[in-house]
Amino acid sequence: MRVPILIAVVLLVPLLTPGPPVAAAEVWRTQFDEAVYGDVTVVGNSVLTCPTPEQAGPHPKYSPKSCVDALNRKGHGPSALNNGHRMSWTDVDDDPATFTSSSAQLAIPAGATVAYAKLGWAGSATCRDDVPPPGTPQDPVTFNGTRVSPGRFVIDGPDLSHTDNAFYSAEADVTRALTSGTVTVGNVWAPQGFDCFGGWSLTVVWKFPHATAAAPAKRHIAVHGGHVRLPTGKPVLHTPIAPTHPTGGDIRVGLTAYEGDWATDGDQMLINGAAVGGRNAFVSSAQGAPYPNNMSVDARTVTVGANVLKPGTKSAELAFRRDEDAFLVQSIAWSFPLPELTLTVDPANPAAHPKDTVAQTATVTNAGDAPATGVTVCGQQVGTIAPHATATRTCSSTAADDDYPTTVAVSGTSLAGDPLAAQRSSPVDVLHPALRATTATEPVTALPGQAVKFTTTVTNTGDTPLYGLAARAAAGCDPMQGQLDPGATSKVDCTAPAGDESGALTATVSAADRIGGKVEASASVRVQVIYPRLTISAVWSKDRARDGEVVTVTVTVGNPSEVPIANVQVNGEPAACRRTFPVLAPRTRVTYTCQVTAPMNARLTVSGAGAGGAISASAIVRIESVSAPLPPAPEPPAPAPDVPAPDVPAPPQPVAHVQQVSKPAVGGVAAIIGMIGMVVVASALSGLGRR
Ligand SMILES: [Ca+2]
Ligand SMILES: [Ca+2]
Ligand SMILES: [Ca+2]
Ligand SMILES: [Ca+2]
């Protein structure tokens with residue numbers, strides 16, 4: 001395609017490229033160079049397409065249909081090239097001010113932000129039988145309706161052969177203007193005519209602030225821009241490019257090029273001599289464009305095998321070869337995978353007792369798409385972890401005396417020597433389980449062998465909840481609650497039999513903390529074993545009386561024990577001395593008199609109700625007849641044990657017989673239990689003597 005080329009290299013925005021103009025080709029400018037939790041996306045579209053039959057005019061050399069077929073990768077030869085058709089503008093926006101426009105769909109993960117976005121566009125400066133649009137190639141384009149001027153503009157120099165058209169290219173940073181979704185670019189300057197092209201691409205680096213499902217590991221993104229022209233006179237072009245960051249994983253390369261013809265092959269892109277994309281690398285295939293061959297722009301990402309770049313190398317040689325085709329390369333965006341070690345520990349919050357061995361399972365995952373090597377975790381060698389593979393080790397430490405943090409650390413390197421590290425600190429809860437048990441400080445009174453129910457108060461005096469609380473005592477305890485938190489208190493009732501003598505009854509409570517640390521506490525209640533007793537004594541005013549003479553007898557009934565005794569009955573003879581008292585309070589006695597008729601020789605018996613006769617005592621009343629022979633002088637009366645002198649005046653000349661109190665028989669204990677706890681004031685009942 002013979003075209004006079006008179007347009008000089010033009011550089012706009014000198015701030016970006018200070019100094020004298022550089023040669024149009026062989027220069028890559030690094031525009032973005034950062035490891036991010038993200039990746040690079042490239043989309044684009046053409047602004048020229050096949051002519052309608054009207055646009056093609058009468059008797060076209062190749063039918064417009066053959067052009068449309070080529071859009072869908074059908075056909076071959078000149079009829080499948082833009083070279084054979086009067087390429088015409090597309091204009092999809094509703095803006096009459098734009099003469100060209102087209103759209104592409106940009107999809108970046110939800111929640112990602114744009115780290116960098118550049119809009120590139122290019123077109124034929126001239127082409128055969130062209131009808132140029134208004135303005136000039138360096139005029140602003142519209143980007144989603146907003147005018148965007150070239151940040152950098154390049155146009156081919158005059159050194160092209162007569163078989164090449166001049167191309168221009170332009171780029172602008174649109175990071176701030178970019179939104180996800182449909183991208184529409186208008187007014188890309190391109191003439192209509194044979195072999196004309198025009199199109200645009202958008203190179204977007206998206207990222208998250210931290211690892212996410214969409215970006216589980218960082219990738220090193222390096223975006224380079226240029227105007228790398230491979231005209232018909234140049235079969236191969238070598239361009240060094242840096243930086244690179246290969247780490248042994250598959251690499252993605254985002255590419256933007258123009259005027260690569262699908263129907264002419266033999267064109268290659270080579271990285272360090274290895275061909276990427278086969279023998280027809282430039283085919284005007286753009287991500288986001290509706291046709292597989294848009295006849296203007298290559299804008300897409302390709303995957304490059306891990307062995308193409310040696311891990312650790314900082315630069316590469318990018319080469320372009322051509323046979324039939326000729327093209328312009330504008331952008332190379334590397335996306336190098338980086339290994340990334342992530343660490344989880346289980347348990348995440350260990351618990352231990354002082355000096356215990358604390359064991360945690362460390363799970364190390366390489367979240368990246370490149371291998372991690374020389375991996376060690378808590379001092380243990382793991383070696384290489386392949387992309388997305390996992391290794392586990394058990395990490396152990398000795399527990400301190402109190403809560404402390406423990407840290408598991410993992411380290412390694414990428415095949416490029418990048419240090420990798422992760423660590424996880426876990427608070428170790430050092431448990432000090434402790435339990436305190438108390439009972440009432442007041443002693444309990446009980447009969448010998450009596451089942452005594454007593455309450456034990458249990459307090460968790462440690463720093464960790466206790467579980468499985470259980471109490472035990474000689475005759476059993478109630479069930480307890482399942483959990484007792486630190487500082488909390490619980491009560492439990494237990495039963496144990498009193499012995500024959502006063503002593504202690506003990507309950508023991510056991511529990512365990514959440515890692516099985518057992519604790520136990522005991523508490524005892526003092527038991528005063530009591531024996532109910534009754535006493536009775538009788539004195540009479542004269543020992544000898546005439547038959548039929550009335551003699552006064554003074555009877556004293558006492559309860560010398562520590563418990564009230566109910567339903568106290570004085571029975572027997574003489575009948576006049578019988579009495580009933582509802583209760584006799586502890587350590588009280590009552591005294592009363594009765595009139596009996598001489599002579600008398602009888603026995604009075606006192607018993608406690610419910611005792612079944614088990615508590616009893618008796619006293620003899622004997623008054624001789626004056627006609628009877630005089631008996632020997634009686635012994636002087638002796639006071640009943642534990643019974644103080646009565647309040648009533650002592651009868652004159654007392655002559656009495658005092659019966660010793662008796663202990664209750666064992667069989668009577670149960671019946672006496674019911675008396676315990678009753679408090680009765682004897683005087684309120686009888687008005688008789690009390691002390
Ligand atoms: Ca062409
Ligand atoms: Ca328009
Ligand atoms: Ca090609
Ligand atoms: Ca071409």
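Since we're looking at a predicted model, the values are computed, not measured.

### Thoughts on the sheet that holds strand S42 (residues 579-584)
Read across the open sheet, the five strands follow the order S39-S45-S44-S41-S42; overall the sheet is mixed. Two strands close off the open sheet at either side, each with one partner strand: strand S39 (544-545) and S42. Two elements, strand S44 (residues 600-608) and strand S45 (residues 616-625), share eight bridges in a ladder whose sense is antiparallel. Residue Thr 605 lies in a different strand from S45, and its bridge partner there is Ser 618.

### Let's talk about the environment of Arg 279
Within the secondary structure, Arg 279 is located in the loop between strand S18 (274-276) and strand S19 (297-304). In this structure, the C-alpha to C-alpha distance between Arg 279 and Arg 322, residues 43 residues apart in sequence, is 9.2 Å. Other than its neighbours up to four places away in sequence, Arg 279 contacts Asp 265, Gly 266 and Gln 268.

### A few points about the nonpolar core
Core analysis: the biggest nonpolar cluster contains 94 residues, and Leu 119, Val 204, Val 205 and Ile 221 have the highest contact counts within it. Broken down by element, this core gets its largest block of residues, seven residues, from strand S21 (residues 327-337). Two domains each put at least three residues into this core: domain 1 (31-337) and domain 2 (341-430). Ignoring any residue separated from it by four or fewer positions in sequence, one finds Val 205 in contact with Phe 32, Val 36, Gly 38, Val 40, Ala 115, Tyr 116, Ile 221 and Val 223. With 31 residues, the next largest nonpolar core counts Val 539, Cys 594, Leu 604 and Ala 619 among its residues.

### A short note on unusual backbone geometry
Across the junction of Asp 346 and Pro 347, the peptide omega takes the value 0°, indicating a cis bond. Locating Pro 347 in the fold gives a position in the loop between strand S22 (341-346) and strand S23 (351-352). For the bond from Glu 573 to Pro 574, the omega torsion is -5°, close enough to zero to count as cis. Structurally, Pro 574 can be placed in the loop between strand S41 (565-572) and S42. Positive phi, close to 65°, is recorded for Met 295, a residue that is not glycine. Looking at the secondary structure, you find Met 295 in the loop between S18 and S19.

### Let's talk about the environment of Pro 574
Exposure remark for Pro 574: the 21 C-beta atoms within 10 Å place this residue in the buried category. Not counting the four nearest positions on each side in its chain, Pro 574 is found in contact with Cys 594, Val 596, Met 600, Ala 602 and Val 621.

### Considerations on helix H2 (residues 64-71)
All of the buried residues in H2 are Ser 66, Cys 67, Ala 70 and Leu 71. Projected down its long axis, H2 shows its buried positions confined to an angular sector of 155°, all on one face. A positive phi of about 60° marks Arg 73, the residue just after H2.

### Things to note about the sheet that holds strand S8 (residues 146-148)
Strand order in the open sheet formed by four strands is S4-S11-S7-S8, and the pairing between neighbours is antiparallel. With partners counted over all chains shown, the strands left at the sheet margins are strand S4 (101-106) and S8, one partner each. Within the sheet, the average angular offset between the axes of one strand and its neighbour, ignoring direction, is 30°. When S4 meets strand S11 (residues 181-186), the two strands line up antiparallel, connected through six bridges. Among the inter-strand pairings, Ala 104 is bridged to a residue of S11, identified as Val 183.

### A look at the pairing of strand S33 (residues 466-472)
Relative to strand S34 (residues 483-484), S33 is paired through two bridges, and the arrangement is antiparallel. The residue bridging Leu 466 from the neighbouring strand is Leu 484, located in S34. The pairing of S33 with strand S36 (residues 503-512) spans four bridges and is antiparallel. Each bridged residue has a counterpart across the sheet, and for Ala 470 the counterpart in S36 is Ser 510.

### A closer look at the environment of Gly 77
By secondary structure assignment, the location of Gly 77 is in the loop between H2 and strand S3 (86-89). For the pair Gly 77 and Ala 263, spaced 186 residues apart in sequence, the C-alpha to C-alpha distance is 6.2 Å.

### Examining the confidence of the model for the protein chain
Residue-level pLDDT values for the protein chain average 87, and 86% of them are 70 or greater. Below a pLDDT of 50 lies the segment residues 1-26, which in the model reaches 54 contacts outside its immediate sequence neighbourhood of four places, other chains included. In the model, residues 639-691 has pLDDT below 50 throughout and makes 124 contacts with residues more than four positions away in sequence or in other chains.

### What about the pairing of strand S38 (residues 535-540)?
Most of S38 sits out of view: six of its six residues are buried. Residues Thr 535, Ser 537 and Val 539 point to one face of S38 and Ile 536, Ala 538 and Trp 540 to the other, with burial holding for every one of them. Across six bridges, S38 lies against strand S40 (residues 550-559) in antiparallel orientation. Within S40, the position partnered with Trp 540 by the bridge is Val 553.

Conventions and cut-offs
- Residues numbered from 1 in each chain as written.
- Chains lettered and ligands numbered in written order.
- Predicted model: local features only at pLDDT ≥ 70, side-chain atom pairs only at ≥ 80, totals over all residues.
- Pairing = 2+ DSSP bridges.
- Helix = DSSP H or I, 4+ residues; strand = E, 2+ residues; numbered from the N terminus.
- Contact = placed C-beta atoms within 7 Å.
- Core = buried A, V, L, I, M, F, W, Y, C linked by C-beta atoms within 7 Å.
- Buried ≥ 20, exposed ≤ 12 C-beta atoms within 10 Å, placed from the backbone.
- Domains from an automatic or database assignment.
- Arc of directions from axis to C-beta.
- Axes fitted to C-alpha atoms, helices over the stretch in contact; angles between N-to-C directions.
- pLDDT = per-residue confidence, 0-100.

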